Amino acid sequence: MISVYSNWSEEDIDLFCKQDWGITEGWEDDCWANHFLCCDFKEEWTCEDLMKSLESDFENSLTEQQIMVKYHK
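Residues numbered from 1 in each chain as written. Predicted model: local features only at pLDDT ≥ 70, side-chain atom pairs only at ≥ 80, totals over all residues. Heavy atoms only, no water.

Report on the packing of helix 1 (residues 10–18) against helix 3 (residues 47–59), specifying residues and quantitative values.
Remark: helix 1 packs on helix 3, axes separated minimally by 10 Å, with the N-to-C direction vectors making an angle of 15°. When the axes of helix 1 and helix 3 are compared, the pair comes out roughly parallel. Note that helix 1 runs across helix 3; the crossing there is right-handed. Between helix 1 and helix 3, the contacting residues are Asp12, Leu15 and Phe16 on the first element and Cys47, Leu50, Met51 and Leu54 on the second. When the residues that make up the contact of helix 1 with helix 3 are grouped by side-chain class, the tally is six nonpolar, no polar and one charged. (Axes fitted to C-alpha atoms, helices over the stretch in contact; angles between N-to-C directions. Helix = DSSP H or I, 4+ residues; strand = E, 2+ residues; numbered from the N terminus. Parallel < 35°, antiparallel > 145°, perpendicular 65-115°, else oblique. Left-handed = near helix turned anticlockwise from the far one by under 90°. Contact = heavy atoms within 4.5 Å. Nonpolar A, V, L, I, M, F, W, Y, C, P; charged D, E, K, R; others polar.)

As structure tokens, then:
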């Protein structure tokens with residue numbers, strides 16, 4: 001299991017969780033971000049790289065399900 005944020009600083013985790021990812025249906029506040037980070041990732045990411053990749057995914061209108069499949073095992 002790859003814990004994507006195991007090497008992240010507390011500041012990185014806070015920054016990621018405070019970002020408005022636009023996924024609010026069924027999720028409260030930063031719950032989606034916390035859930036997303038706790039899943040088993042296919043590869044390791046830095047906070048900056050993961051945020052850039054997710055921003056691109058959302059700009060390209062990927063759904064939440066497509067995003068989960070892309071990043072998680």
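Quick rundown of the nonpolar core? Include the residues and the values.
When a protein is soluble and globular, its nonpolar side chains tend to lie buried together. Trp8, Phe16, Phe36, Leu37, Leu50, Leu54 and Tyr71 are the most contacted members of the largest nonpolar core, which has 21 residues in total. Mapped onto this core, the elements with two or more residues apiece are helix 1, helix 2 (31–38), helix 3 and helix 4 (64–71). Not counting residues within four places of it along the chain, the set of residues in contact with phenylalanine 36 comprises Phe16, Phe41, Leu50, Leu54, Ile67, Met68, Tyr71 and His72. (Core = buried A, V, L, I, M, F, W, Y, C linked by side-chain atoms within 4.5 Å. Buried < 20%, exposed > 50% of the residue type's maximum accessible area, 1.4 Å probe, protein only.)

Any details on the packing of aromatic side chains? Residues and values, ideally.
Per the counting criterion, the structure on display carries nine aromatic pairs. Centre to centre, the rings of phenylalanine 16 and tryptophan 21 are 5.1 Å apart; their planes meet at 40°, and the pair counts as tilted. Given the relative accessible area of 8%, tryptophan 21 is considered buried. (Phe/Tyr/Trp six-rings, centres within 6.5 Å; stacked < 30°, edge-to-face > 60°.)

Tell me about the side chain of histidine 72, and name the residues and values.
Examined against the element boundaries, histidine 72 turns out to sit in the segment after helix 4. At 3.1 Å, the side chain of histidine 72 and the backbone oxygen of phenylalanine 36 are in polar contact. Not counting the four nearest positions on each side in its chain, histidine 72 is found in contact with Phe36, Cys39, Asp40, Phe41 and Lys42. (Polar contact = N/O pair within 3.5 Å; in protein donor to acceptor, adjacent residues only side chain to side chain.)

Requested: an account of the pattern of salt bridges, with residues and values cited.
Counted according to the given criterion, the structure contains two salt bridges. Among the ionic pairs, glutamate 48 bridges to lysine 52, the shortest N-O distance being 3.0 Å. Of this pair, glutamate 48 and lysine 52 both sit in helix 3, four residues apart, which is roughly one turn of the helix. Across the pair aspartate 57 and lysine 70 runs a salt bridge whose closest N-O atoms are separated by 2.7 Å. A residue pair is termed long-range when its members are at least 10 positions apart, and aspartate 57 in helix 3 and lysine 70 in helix 4 qualify at 13 residues. You can call aspartate 57 buried: its relative accessible area is 4%. Residue lysine 70 is classed as partly exposed on the basis of its relative accessible area, which comes to 40%. (Salt bridge = Lys/Arg side-chain N within 4 Å of Asp/Glu carboxyl O.)

Worth remembering: the numbers are spatial, not functional.
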